[in-house]
Amino acid sequence: MDIIGRAAGRRIVYRGTAGEFVAAQTAAGLPHESATAAARAFTALAGLGDAEPNDVVRRVTGREPKPFETYATEAAARGAWNV
């Protein structure tokens, strides 16, 4: 979240639990199964930490991967974090 916070120019903190995330997403209209799957995916990604990059992005998208900080800066420029 530090990277997104720097890109967005503000402090971002998430203190919720996976269950609270699922509840918020379902309240916003996402099907429970989809919200639960997203929570599991986020938990799995967080568990990887700073794992060594691999070739998945290239295989799936056909594009070269980019550092997350680059992605976050580009997304901020497009207004992605303006919520």
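The structure under discussion appears in the preceding block.
Chains are numbered independently. Their residues run from 1 in the order of the written sequence. Per-residue local features of the predicted model are confined to residues with pLDDT of at least 70, and side-chain atom pairs are confined, for both listing and counting, to 80 or more; whole-chain, interface and lining totals are unaffected and use all residues. As a convention, hydrogens and water are excluded, and side-chain values are obtained from all of the structure's heavy atoms.

Visitor: When you look at the environment of Ala75 in this model, what are you seeing that I'm missing?
Guide: Mapped onto the elements, Ala75 comes out in helix H5 (residues 68-77). Relative accessible area serves as the criterion here: at 0%, Ala75 is assigned to the buried category. Once the C-alpha coordinates of Ala75 and Ile4 are considered, the two residues, 71 residues apart in sequence, prove to be 9.1 Å apart. Residue contacts follow a heavy-atom distance rule, with two residues in contact if any of their heavy atoms lie within 4.5 Å. With residues up to four places along the chain from it excluded, the contact list for Ala75 reads Ala80 and Trp81. Here a helix means four or more residues in a row that DSSP labels H or I, a strand means two or more in a row labelled E, and each is numbered from the N terminus. Buried means the residue's accessible area, taken with a 1.4 Å probe over protein chains only, is under 20% of the maximum for its type, while exposed means over 50%, and partly exposed covers the values in between.

Visitor: Please explain the packing of helix H2 (residues 18-27) against helix H3 (residues 32-48) as it appears in this structure.
Guide: Angle between the axes and distance between the axes: these two values describe a pair of packed helices. Think of each axis as a best-fit line through the C-alpha atoms, taken over the contacting stretch in the case of a helix, with angles from 0 to 180 degrees between the N-to-C directions. One way to put it is that H2 packs onto H3 with a least axis distance of 9 Å and a crossing angle of 145°. By crossing handedness, the relation of H2 to H3 is classed as right-handed. Where H2 abuts H3, its residues Ala18, Phe21, Val22, Gln25 and Thr26 lie against His32, Ala35, Thr36, Ala38, Ala39 and Phe42. Think of it as three bins: nonpolar holds Ala, Val, Leu, Ile, Met, Phe, Trp, Tyr, Cys and Pro, charged holds Asp, Glu, Lys and Arg, and polar takes everything else, Gly as well. A breakdown of the residues in the contact of H2 with H3 according to their chemical character gives seven nonpolar, four polar and no charged. Crossings are classed by handedness, with left-handed meaning an anticlockwise turn of the near helix from the far one by less than a right angle and right-handed meaning a clockwise turn.

Visitor: Sorry, what's going on with H5 here?
Guide: Structurally, the α-helix is built with 3.6 residues per turn, so residues lying three or four positions apart point the same way. Among all positions in H5, only Ala72, Ala75 and Ala76 are buried. The buried residues of H5 all sit within an arc of 100° when viewed along its axis, so they share a single face. Considering only its buried residues, H5 is in contact with helix H1 (2-8). Looking at the residues trailing H5, positive phi occurs at Gly79, about 90°. Regarding the arc, it is the one traced by the directions from the helix axis to the C-beta atoms.

Visitor: I keep staring at the environment of Pro65 and nothing clicks. Help me out?
Guide: Position of Pro65 among the secondary structure elements: in the loop between helix H4 (56-61) and H5. Judged by relative accessible area, which is 37%, Pro65 ranks as partly exposed. Setting aside anything within four residues of it in sequence, one finds Pro65 in contact with Val57 and Arg58.

No statement about biological role is implied by the geometric values presented.
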